[in-house]
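What follows is each chain in one-letter form.
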Amino acid sequence: MTLDTLPPRRTSSGPIKRVGLARERREDRGLPSRSLVVALVLACVTLMVIDKASGDKSPVTPVRHLAGAVVGPVEDAVTTVLHPIASIPGALRTNGQLRGDLAKEQAKNDALANQLATSPYAANRIAELDSLRAIAGDLGYALKPARVIALGAAGSFSDTATIDAGSSDGLRPDMTVVNGSGLVGRITSVTAHSATVLLITNPGTTVGGRVGDNMKLGFVSGNGSLGSDASLDLNLLDQTVVPQVGQT
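Throughout, residues of each chain are indexed from 1 in the direction in which the sequence is written. Local features in this predicted model are restricted to residues of pLDDT 70 or higher, and side-chain atom pairs are both shown and tallied only at a pLDDT of 80 or more, whereas totals for entire chains, interfaces and linings draw on every residue. The side-chain quantities take in all heavy atoms of the structure and omit both hydrogens and water.

Peer 1: Tell me what's going on with the pairing of strand 4 (residues 182-190), and back it up with residues and numbers.
Peer 2: Should DSSP find at least two bridges between two strands, the strands are taken to pair. Strands are runs of DSSP state E lasting at least two residues, helices are runs of H or I lasting at least four, and both sets are numbered from the N terminus onward. Pairing of strand 3 (residues 176-179) with strand 4, which is carried by four bridges, proceeds in the antiparallel orientation. What sits directly across from V178, in strand 4, is L183. The turn joining strand 3 and strand 4, which pair antiparallel and follow one another in sequence, is formed by two residues. Summarising the sheet, strand 4 and strand 5 (residues 195-199) pair through five bridges and their orientation is antiparallel. Of the residues in strand 5, the one forming a bridge with S189 is T196.

Peer 1: Could you give an account of the sheet that holds strand 6 (residues 206-210), naming the residues involved and the relevant values?
Peer 2: Sheet architecture is open: three strands sit in the order 6-7-8, paired in antiparallel fashion. Looking at the sheet topology across the chains shown, the edges are occupied by strand 6 and strand 8 (233-236). Within the sheet, the average angular offset between the axes of one strand and its neighbour, ignoring direction, is 30°. By the bridge criterion, four bridges tie strand 7 (residues 217-221) to strand 8 in an arrangement that is antiparallel. Looking across to strand 8, one finds that S221 is bridged to D233. Orientation is described by axes fitted as lines to C-alpha atoms, over the contacting stretch for helices, and by angles from 0 to 180 degrees between their N-to-C directions.

Peer 1: Give me the nonpolar core: which residues, what numbers.
Peer 2: For the purposes of this section, nonpolar cores are sets of buried Ala, Val, Leu, Ile, Met, Phe, Trp, Tyr and Cys residues that join through side-chain atoms within 4.5 Å. A 1.4 Å probe rolled over the protein chains alone gives each residue an accessible area, and that area as a share of the maximum for its type sets the label: buried under 20%, exposed over 50%, partly exposed in between. Within the largest apolar cluster, nine residues are counted, these being A161, I163, A165, L171, V177, I187, A195, V197 and L199. Where this core is concerned, the elements lending two or more residues are strand 2 (160-163) and strand 5. Residue contributions to this core peak at three residues, all from strand 5. Two residues form a contact once any of their heavy atoms are found within 4.5 Å. Apart from the residues lying within four places of it in its own chain, the contact partners of A165 are A146, L171, H193, S194 and A195.

Take a look at the structure:
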């Protein structure tokens with residue numbers, strides 16, 4: 001048999017080299033051995049048990065204090081650096097809330113300003129309603145409150161006013177219209193929600209009247225004048241009676 005026909009022999013260096021390569025790969029990966037991991041876990045559990053059982057006299061207490069002394073300043077420094085950055089979302093939310101609060105306060109201010117501007121009008125309406133209640137008590141009639149919403153045109157040759165109450169409120173033609181000062185006029189026409197009032201200032205309008213002091217009867221007629229200086233004409237049935245200034 002010649003050397004050329006002999007099978008190749010395995011040398012012991014082959015497997016050893018392969019084991020060496022496997023160990024090198026494991027060392028390159030930096031993975032700790034299983035026994036080291038188990039030992040560390042057991043050590044941690046042992047320290048936890050000892051620390052729990054020893055209370056204030058735990059051997060871990062000095063280490064804890066040391067860690068706190070070292071880590072505490074580092075945490076403070078990191079917090080000081082990162083706090084402005086971390087507070088940016090909160091600052092943005094706060095600005096949005098402030099804008100919302102400002103809008104609400106502005107709406108309240110507008111409402112108060114409107115209330116202040118309309119307070120004289122409201123005060124006048126309250127005074128008129130009080131006087132109407134007094135008239136209702138004196139006359140014994142039921143009153144339907146209404147507001148003047150329009151005045152007749154100057155070219156209509158009649159003094160009229162339109163009020164915001166009509167047939168749906170029980171009004172009908174020839175009903176009397178009064179205010180806190182007395183007679184205003186009479187209703188001439190109605191719709192469902194409005195009525196036309198012929199004022200006693202209308203020329204040719206005549207209503208009955210009395211002189212308050214002596215109860216003398218007469219006729220009160222309009223002459224077309226309006227305003228604070230306007231007047232009505234009074235003609236008494238008894239021509240011998242002369243009314244005095246200031247009499248009702």
